[in-house]
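One-letter residues, chain by chain:
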Amino acid sequence: MPQPHRQHLTLRRRTSAAPALLASAFFAVCALATTAVAQDGTVATSSLTGTLHLLQGRGGNVVASIGEDGVLIIDDDYEEMVPAYEAALTDLVGADANPRFIVNTHWHFDHVGGNLFWADRGAVVVAHTNVRERMATRQDMKFFDRVVEPSPAGALPVITFGDSLALHFNGDDIEVQHHAAGHTDGDSVVYFTSENVVHMGDLFFNGGFPFVDLGSGGSVAGYIAAVEAVLARVDEATVIVPGHGSLANRADLQRYRDMLVATSGAVRAQLAAGKSVDSIVQAGLDEEWASWGGGFINEATWISFIANSP
Ligand SMILES: [Zn+2]
């Protein structure tokens, strides 16, 4: 566990270091690792293309489609960030900022925290079946030493899907594609096909080793397969929004994929040769990948995900 970050974020917060806050701080760190946005509780907005805007607060990146059909958002950050999003959306939209639709890329609380607030105001929450299931039941996140209690009924996705789903909104055909056993077991990638923008949720931590939530059905092999599936669909002009970190293009995602394949392959080869996880951590990954370990998933943690992944 990255103790220095725990220290750092504990100091930043006015309240005491309750486990829940520490856990949420870790998610905050993964945003911190690769972007310089909004640690003050505000939301930074930037125009992507056409109807689409990027909103960055403390948790996962949010994409908003704003146009004649109204507002649709992909993910909605931490619960405590809702007022900042309300202000940011009101700025972009004008009077009525309430989204009509919310798509959750997965169940983690730094991506679904606004569901209840917006659903109370009429938003329809859409997500993969496993997102609803995990939100509806108690989740023991051993990695964060945190138990996440079931979400209130009003926060749960009301439209769920299995493999994929399409939304036709603001002139775009939006494809929501599930990928099994990647970051969790309920990850979706959202393609704005007309605008050529894709939101990858936490199947992309731009610039850092990924958090693979093995306790939520994630796997390293599935994670890589999902990244490769996205690579196969996008082109040089595609704007790629990672779950955490700054905007990327296809070349960035290719580098990410190459890192995932090379490092996981190297670790698996050493395990197959009989080396212990400790000795692999001791030896470290190739120097080439050193910069990827600067975020909340350091090299040792990434090696442990690879070693423990199904
Ligand atoms: Zn996540």
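Trainee: Help me understand the overall build of the protein, please; the structure alone is not making it clear to me.
Mentor: Looking only at helices and strands, the protein has 10 helices and 14 strands in total. Taking all 310 residues of the protein together, 49% fall into the buried category. Here the contacts in the protein between residues at least 6 apart in sequence split such that 63% fall between residues at least 24 apart.

Trainee: What should I look at first to understand the sheet that holds strand 13 (residues 197-199) in this one?
Mentor: In any sheet, the strands associate via hydrogen bonds between backbone groups, in a parallel or an antiparallel arrangement. Taking strand neighbours across the sheet as the criterion, the five strands line up as 10-11-12-13-14 in an open arrangement whose pairing is mixed. The open sheet has two edge strands, strand 10 (164-169) and strand 14 (239-241), and neither has a second partner. Going from strand to strand, the sheet's axes swing by 15° on average, the running direction of each strand aside. Strand direction decides the pairing type here: strand 10 and strand 11 (residues 172-179), joined by six bridges, are antiparallel.

Trainee: Explain the packing of helix 8 (residues 250-272) against helix 10 (residues 299-308) to me, please; I cannot follow it from the model alone.
Mentor: Helix packing for two helices is described by the angle between their axes and how far apart those axes are. Where helix 8 meets helix 10, the closest approach of the two axes is 10 Å, and the angle between their N-to-C directions is 60°. As helix 8 packs across helix 10, the resulting crossing turns out to be right-handed. Judged by residue contacts, Thr263, Ser264, Val267, Arg268 and Leu271 of helix 8 engage Trp302, Ile303, Ile306 and Ala307 from helix 10. Partitioning the contact of helix 8 with helix 10 into residue classes produces six nonpolar, two polar and one charged.

Trainee: Sorry if this is basic, but what is going on with the sheet that holds strand 5 (residues 101-103) here?
Mentor: With respect to topology, seven strands assemble into an open sheet ordered 1-2-3-4-5-6-9, the strand pairing being mixed. Of all the strands in the sheet, just strand 1 (44-49) and strand 9 (159-161) have a single pairing partner and so form its edges. Going across the sheet, the axis of each strand differs from the next one's by a mean of 20°, ignoring polarity. The pairing of strand 2 (residues 52-56) with strand 3 (residues 62-67) spans four bridges and is classified as antiparallel. By the bridge assignment, Leu55 is partnered in strand 3 with Val62. Seen against the sheet, helix 6 (residues 129-136) touches strand 6 (124-128) and strand 9 and runs at an angle of roughly 105° to strand 6.

Trainee: How do you make sense of unusual backbone geometry when you look at a structure like this?
Mentor: In this structure, Asp75 takes a positive phi of about 70° despite not being glycine. Among the residues examined, Asp75 registers 29 C-beta atoms within 10 Å and is labelled buried. Although it is not a glycine, Ala181 sits at a positive phi angle of roughly 50°. Given 22 C-beta atoms within a 10 Å radius, Ala181 is considered buried.

Trainee: Sorry if this is basic, but what is going on with the environment of Thr49 here?
Mentor: Structurally, Thr49 can be placed in strand 1. For Thr49, a count of 13 C-beta atoms within 10 Å corresponds to the partly exposed category. Expressed as a C-alpha distance, the spacing of Thr49 and Val197, which sit 148 residues apart in the sequence, is 8.2 Å. Not counting the four nearest positions on each side in its chain, Thr49 is found in contact with Glu195, Val197 and Val239.

Trainee: Teacher, can you tell me more about helix 7 (residues 220-233) here?
Mentor: Side chains that are three or four residues apart share a direction in an α-helix, a result of its 3.6 residues per turn. For helix 7, with 14 residues, the first-to-last C-alpha span of 20 Å sits near the 20 Å given by 1.5 Å per residue. Residues of helix 7 that are buried: Val220, Gly222, Tyr223, Ala226, Val227 and Val230. The arc that holds the buried residues of helix 7, viewed along the axis, is 165°, so those residues lie on one side. Residues of helix 7 that are buried make contact with strand 11, strand 12 (187-192), strand 13, helix 8 and helix 10.

Trainee: Can you walk me through helix 3 (residues 82-93) in this structure?
Mentor: With 12 residues, helix 3 extends 16 Å from end C-alpha to end C-alpha; this agrees with the ideal 16 Å at 1.5 Å per step. Taken as a whole, helix 3 has its buried residues at Ala84, Tyr85, Ala88 and Leu89. Seen end-on, helix 3 carries its buried residues on one side only, within an arc spanning 125°. Tucked inside the fold, the buried residues of helix 3 contact strand 1, strand 2, strand 3 and strand 4 (70-74). Looking one or two residues beyond helix 3, the residue adopting positive phi is Gly94, at roughly 110°.

Trainee: Honestly, the confidence of the model for the protein in this entry has me stumped. Any pointers?
Mentor: One rule of thumb: low pLDDT means the predicted coordinates there are not for detailed reading. Across the protein, the average pLDDT comes to 89, with 87% of residues at 70 or higher. Between residues 1-38, whose pLDDT stays under 50, and residues either more than four places distant or in other chains, the model counts 62 contacts.

The rules we used
Residues numbered from 1 in each chain as written. Predicted model: local features only at pLDDT ≥ 70, side-chain atom pairs only at ≥ 80, totals over all residues. Helix = DSSP H or I, 4+ residues; strand = E, 2+ residues; numbered from the N terminus. Buried ≥ 20, exposed ≤ 12 C-beta atoms within 10 Å, placed from the backbone. Contact = placed C-beta atoms within 7 Å. Pairing = 2+ DSSP bridges. Axes fitted to C-alpha atoms, helices over the stretch in contact; angles between N-to-C directions. Left-handed = near helix turned anticlockwise from the far one by under 90°. Nonpolar A, V, L, I, M, F, W, Y, C, P; charged D, E, K, R; others polar. Expected span 1.5 Å × (residues − 1). Arc of directions from axis to C-beta. pLDDT = per-residue confidence, 0-100.

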